[in-house]
Amino acid sequence: MKYDCLIIDDEKLLADSTAEYFNMFGVTTAAVYTAEECRAFFTENSADLLLLDINLGDDSGFQLCKELREKTQIPILFISARTSDDDQIIALNIGGDDYIQKPYSLGVLIAKIKAVLKRYRLGADGYDDGWLRVDLNAKTAVVQGEPVKLTALEFRLLAYLIKNENKTVSKQELFENVWEDKFTGDGTLNVHIRKIREAIERDPSSPEYIVTVWGDGYKFRGGKR
């Protein structure tokens, strides 16, 4: 079965009540209480978003997030009563998309969930903010209503960055997943990035969409949709 949201939290009463509330307001939600139950869930079901507690009894939500990130790029929002800045930094660095403090307001939380789901689902098919429109299915890019020309490789590169919107993507990851060749050189990548910027940016010398994260790689920085 396909769900909008899966909650993974060892506080069973809180997980169940949150899931019940989400379901009442049209966000189909299931709840599990351990890392093992989460793994079992994905053998027969799918979800477009996860609410993941850091503490899962004897297991760690951090470790589960790392494991899931090897298989999926769906949004993962951490929930925790812990207030340490270090926890929040770790959560985001290992692939979490947000960090939500317990106790949370169900009304505020469901509004956030719906907004994240909307962004994720649009991003699965493309990107559109009024200036730039990219259709990943049709493999087309349009700027201010005018089609732009990109080579097949340039489009694959742009598409990969869009699918990882607002996340830093390392050069090595791009080599392995776009070129499927980990030995591609930096110079080749830089040329293609420059050509994409020339095609889609308002000012290629001061890019707004594809920004360089020095020492790490590149990030597609999305705007309003």
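That block above? That's the structure.
Residues numbered from 1 in each chain as written. Predicted model: local features only at pLDDT ≥ 70, side-chain atom pairs only at ≥ 80, totals over all residues. Heavy atoms only, no water.

**Re unusual backbone geometry**
- Note that the residue after K102, namely P103, is joined by a cis bond; omega there is -5°.
- Checked against the element boundaries, P103 lands in the loop between β9 (98-101) and α5 (106-125).
- Positioned with a positive phi, K139 is a non-glycine residue whose angle comes to about 60°.
- Within the element layout of this structure, K139 appears in the loop between β11 (132-135) and β12 (140-143). (Helix = DSSP H or I, 4+ residues; strand = E, 2+ residues; numbered from the N terminus.)

**With respect to the packing of helix α6 (residues 152-163) against helix α7 (residues 171-179)**
- At a minimum axis distance of 10 Å, the contact between α6 and α7 shows a crossing angle of 125°. As summarised for this structure, α6 and α7 are arranged oblique, according to the angle between their axes. Relative to α7, the crossing made by α6 is right-handed. When α6 is examined against α7, the residues L153, R156, L157, Y160 and L161 are found in contact with a partner set consisting of E173, L174, N177, V178 and W179. (Axes fitted to C-alpha atoms, helices over the stretch in contact; angles between N-to-C directions. Parallel < 35°, antiparallel > 145°, perpendicular 65-115°, else oblique. Left-handed = near helix turned anticlockwise from the far one by under 90°. Contact = heavy atoms within 4.5 Å.)

**Concerning the packing of helix α2 (residues 35-44) against helix α3 (residues 61-69)**
- Where α2 meets α3, the axes come as close as 11 Å, and the angle between the chain directions of the two elements is 20°. One way to sum up the angle between α2 and α3 is to call them roughly parallel. Read as a crossing pair, α2 and α3 show a hand that is right-handed. Contacts from A35, C38, R39 and F42 of α2 reach α3 at L64, E67 and L68.
- In terms of residue class, the contact of α2 with α3 is built from 5 nonpolar, no polar and 2 charged. (Nonpolar A, V, L, I, M, F, W, Y, C, P; charged D, E, K, R; others polar.)

**So, α7**
- Residues L174, F175, V178 and W179 constitute the buried set of α7. Buried residues of α7 fall within an arc of 105° about the axis and therefore sit on the same side. (Buried < 20%, exposed > 50% of the residue type's maximum accessible area, 1.4 Å probe, protein only. Arc of directions from axis to C-beta.)

**Examining the packing of aromatic side chains**
- Scanning all chains against the criterion turns up 8 aromatic pairs.
- Ring geometry for F41 against F42: centres 5.1 Å apart, planes inclined by 90°, an arrangement best described as edge-to-face.
- A relative accessible area of 28% places F42 in the partly exposed class.
- A ring pair is formed by Y127 and F220, whose centres lie 5.1 Å apart and whose planes are at 85°; its orientation type is edge-to-face. Placement of the pair is Y127 in strand β10 (residues 126-128) and F220 in strand β16 (residues 217-220), with a sequence separation of 93 residues. Considered together, Y127 and F220 belong to a single accessibility category, that of buried residues.
- Members of the aromatic cluster, connected to one another through ring pairs, are Y3, F41 and F42. (Phe/Tyr/Trp six-rings, centres within 6.5 Å; stacked < 30°, edge-to-face > 60°.)

Keep in mind these values describe shape, not function.
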